[in-house]
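Residue-level structural notes
As a plain string of letters, each chain reads:
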Amino acid sequence: MQIKPILAALRRHRLATLLIAMEIAFACAVLCNACFLVARRWTMIQINSGVDESSLAVLTVNGFEPSQAADVNARMLAGLRAIPGMQSATLISEVPFGPQTGAAGISPDAGGFKDLIGVVDFVMAGPGTYKALGLKLVEGHLPQPGDYQPATSFAPEDVQVLVTRALAEHAWPGESPLGKDFWCDKMHFRVMGVVDHFARAQPGQYEMQQGEWTVFTPVVPGGSLAGTYLLRGRPQDVQRVLQVARGAVQKIAPDVVLDQDNSRTLSDLRTKYFLTDRIMIGLLLGVVALMLGVTALGIVGLTSFWVAQRRKQIGIRRAIGATRGDILRYFQTENFLIVTFGIALGMLLAYVLNAVLMKFYELPHLPLYYLPMGALALWMLGQLAVLGPALRAAAVPPVVATRSV
Amino acid sequence: MLGYYLNLALRSLKRTPILTGLMVLATGLGIGASMTMLTVLHVMTDDPLPGRSAQLYTPHLDPLPLEYKLRDDSPNPTDDLTWPDAMALLKAHRGVRQAAMAGGSLLLWPGRSDLRPFYVNGRYATADFFALFGVPFERGGGWSAADDAAAAQVVVLTETLARKLFGTGNAVGQTVRLGEHDFRVIGVAAHWVPKPLFYADQTGTQYSDADLFFLPLSAAVSQKLQVSGNRSGWAKGDETALTSANMSWLQFWAQLDTPAQIAAYRQYLVDYSAQQKALGRFQRPPTNAKLYSLMGWLAHENLVPNDVRLQLWLALGFLFVCMVNIVALLLAKFLRRSGEISVRRALGARRRDIFVQLGIESALIGVAGGALGVAIAQLGLWSIRQRPDDYARLAQMDASMLLGTLMFAVVASVLAGLLPAWRACRVPPALQLKAM
């Protein structure tokens, strides 16, 4: 295929060519960045909470004084455990995708705020909660009955805890985290074990790798650990068990108030928590699809015009020996050249767009492999769009050459 | 002549119905998407108190110690005031009116068997609150400065809450149990919810929250009522005491009518900071003290979520692609009619006439696209109202936005038609006529 005559023809349509190339460049930049955003959100949605979500529910009550905490806990636990199908009911301060109750900065020295390890979620948990959650221990040992400490403020003064692998790798890279100490103001914590995965309450508010900076803290129920209960049932039962439990609260403890919004199954909480991300993913994909569709329409429209305009020339070419394939390939090559020009511009634009997004959103650099993928998608789009008009051009009979306009 | 051009344009568009349809569709989609997001942004950045907002100002001090480091992931403590500072500003009385306030969520015991206790959001404020913001009353009124001083247990309910508790009867004079204390109802305020709730602490959801009761700040502090919103402390020890000089949690608004009053208030804030620095309480430069106007404060808080901004840019980018597309298509279409244009030119039409004729054709596409865009924007806004976000329910198009959409569509497509029309009217007629 000779490229020179194609370029010569394009030079006569500089403005239109430039416009289509610009459109492709813009589509390329948006496509790469939108796919990148979608991929990041998708990874976030897929976060491993580390707990048996399908078997768990949480029930929250409030409206009682701290002095009543132990009494409310005792009545609630007894009442909840009596519900048929309830495998366990235990105390917890927060669950993944629920409201955040205990986030605080931790440091490697007492009372020091200078070299902060990071802001972590402290999950206060009563006896039995570890088993109910279904966490997986990878190192160290589990809290024994003597390890549970009372908490009057938000956490115990001095307690042994479990941390997630993600937090351990961040705080003590390359070292065994077992027996390591850290402080939150004057409260002292020592690592007794490491769990595989355990998402914090609001993982989406943090950088992606911080979504599992969670500290599992064994706490004696009462004091600040009251009112939020982790319910466990068989997966097919848990929704029903929760319904029964919600209805039973008024009978078990008439003096407390059920928090309707925060008494749900963990699967429900997860769906609700990521709903906006799902909407955003749908929206990004929708806009990208529309943009590609409009670009394709532009190519179809413009090529159709060019085909109609060049009917006579096509006829002449056919009359002097060009095959249908030659004509088809002419338009395909022309489109390939325009799209390639657009993609070259688009790659630059994609990087500029990424730089702008990085300024306003906490985003890393666009990985390089998005660019060839975007280019491939646009080449394919261009070839598909041009196929129809090009086939029509190839169908122009040679006899057209002999007719006047 | 215009009628004739309109007729020509219609004929020309009818000759290529599919292409015309596609151009209208592309304009409609681009305009619809952009107008959906522009409407969302418009309602989110709208003036919450039209007519009154220009006189409202919020002062901010910087009582932080020198070594305190601001963090991206936690709220800025200087967004709020400490109790001693708020009381000092209140006492100085440098504005026409001023009030300190904080949010609270209290358990309400209805004292009726058919209603379970429930949580209500409200505001703890000082006496001037109602006059400052122009809260309309249905019955009764607010409390006095004397009630503030006495920490009187009085409450103003909004009409919604009063109706829920007392039906259609007169609520004034009744008693409401909030948390552990009884409050006497002294007024019922009409439905009054500024969007966003600009005077609330910035950690809340300001587009969906509403205050259902108002009670004296002094009563809230003396009864140790629960305060919602952010509390930032920067000294060890007494962080939890509401009256601590090292914890900020209060919002403060003042009414300033003239530029002289505004300048004087700014100066007063700096002088106050300097005085506190001399006393050893403040450590940072006194010029850190700031006075924001209402709209300035909203801009500073930047309430519009990043996702909404991203969606707006996506929509505008999409419109741009649609418009470039239409430019290319119109260009090809107009240039294809070079012969026809040349005949008209040869018969005496000026370039300007050709330009107007082609301009009308592109404007026609714009009008059709704009009408489609309005329909698509309504669909888009409906889908946004189904979202779970707190701003979702505000997404409604008003008359000005509706008119704006149509204008926007016509302007965009006339602009898109300019280049092709200009290019087409510069076609040399002689050359074309020779080829015919």
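Within every chain, residues take consecutive numbers counted from 1 along the sequence as written. Chain A is the first chain written and ligand 1 is the first ligand written, with later ones labelled in order. The model is predicted, so local features are restricted to residues of pLDDT at least 70 and side-chain atom pairs to those at 80 or more, both for listing and for counting; the totals for chains, interfaces and linings are taken over all residues. Side-chain metrics rest on all non-hydrogen atoms present in the structure, leaving aside hydrogens and water.

1. Re the domain arrangement of chain B
Residues and elements named next belong to chain B. Basically, it comes down to this: The domain boundaries here were taken from an automatic or database domain assignment. Contacts are residue-level and defined by heavy atoms, with any inter-residue pair within 4.5 Å sufficient. Here's the idea: put two parts together, see how much 1.4 Å probe accessible area each one loses, and the total over both is what we call buried area.
You can read the domains of chain B as domain 1 (2-45 + 305-435) and domain 2 (53-301). Between the C-alpha centres of domain 1 and domain 2 there is a distance of 49 Å. Between domain 1 and domain 2, the residue contacts involve 5 residues of the former and 7 residues of the latter. Across the interface of domain 1 and domain 2, roughly 490 Å² is buried in total on both sides, 63% from carbon and sulfur atoms.

2. Some thoughts on the environment of B:A245
All names here are of chain B. Put simply, the rule reads: Secondary structure elements follow DSSP: runs of H or I of four or more residues count as helices, runs of E of two or more count as strands, with numbering from the N terminus. The cut-offs for exposure are 20% and 50% of the maximum accessible area for each residue type, with area from a 1.4 Å probe on protein chains only; residues under the lower value are buried, those over the upper are exposed, and the others partly exposed.
The residue A245 is located in the loop between β10 (232-233) and β11 (247-255) in this model. Residue A245 is classed as partly exposed on the basis of its relative accessible area of 24%. Between the C-alpha atoms of A245 and W234, which are 11 residues apart in sequence, the distance is 9.6 Å. Here A245 is in contact with T82, P84, W234 and R281, once residues within four sequence places are set aside.

3. Here's the deal with the interface of chain B and chain A
Let me state the cut-off plainly: Here a salt bridge means any side-chain nitrogen of Lys or Arg lying within 4 Å of a carboxyl oxygen belonging to Asp or Glu. By the criterion applied in these results, polar contacts are pairs of N or O atoms within 3.5 Å in which, for protein atoms, one can donate a hydrogen and the other can accept it, and in which residues neighboring in sequence qualify only through two side-chain atoms.
Residue-level contacts link 38 residues of chain B with 45 residues of chain A. Buried area between chain B and chain A, summed over both chains or domains, comes out near 3800 Å², and the portion from carbon and sulfur atoms is 74%. Taken as a group, B:R116, B:L310 and B:L314 account for 15% of the area that chain B buries against chain A, more than any other trio of residues on that side. Put simply, chain B and chain A have 1 salt bridge between them. As a salt-bridge pair, B:D307 and A:R41 come within 2.6 Å of each other at their nearest N and O atoms. Summed over the shared surface of chain B and chain A, the number is 3 residue pairs in polar contact (both at pLDDT 80 or more). Going through the elements one at a time, α2 (17-44), β3 (97-109), α10 (306-336) and α13 (399-425) of chain B are the ones with two or more residues in the side of chain B that touches chain A. Looking at which element gives the most residues to the side of chain B that touches chain A, the answer is α10(B), with 20 residues.

4. Focus: the domain arrangement of chain A
Residues and elements named next belong to chain A. The condition is simple: Amino acids outside the nonpolar list (Ala, Val, Leu, Ile, Met, Phe, Trp, Tyr, Cys, Pro) and the charged list (Asp, Glu, Lys, Arg) are all regarded as polar, and Gly is one of them.
On domain assignment, one finds that chain A holds domain 1 (4-45 + 276-402) and domain 2 (64-255). Look at where the C-alpha atoms of domain 1 and domain 2 centre, and you get two points 53 Å apart. If you look at the interface, domain 1 gives 4 residues, while domain 2 gives 5 residues. Taking both sides of the interface into account, the surface hidden between domain 1 and domain 2 amounts to around 360 Å²; carbon and sulfur atoms contribute 72%. It is R40, M44 and E362 in domain 1 that bury the most area against domain 2; as a group they hold 90% of the surface buried on that side. Counting across the interface, domain 1 meets domain 2 through 0 salt bridges. On the surface where domain 1 and domain 2 come into contact, there are 0 residue pairs in polar contact (both at pLDDT 80 or more). Its residues assigned to classes, the side of domain 1 that touches domain 2 shows 1 nonpolar, 1 polar and 2 charged.

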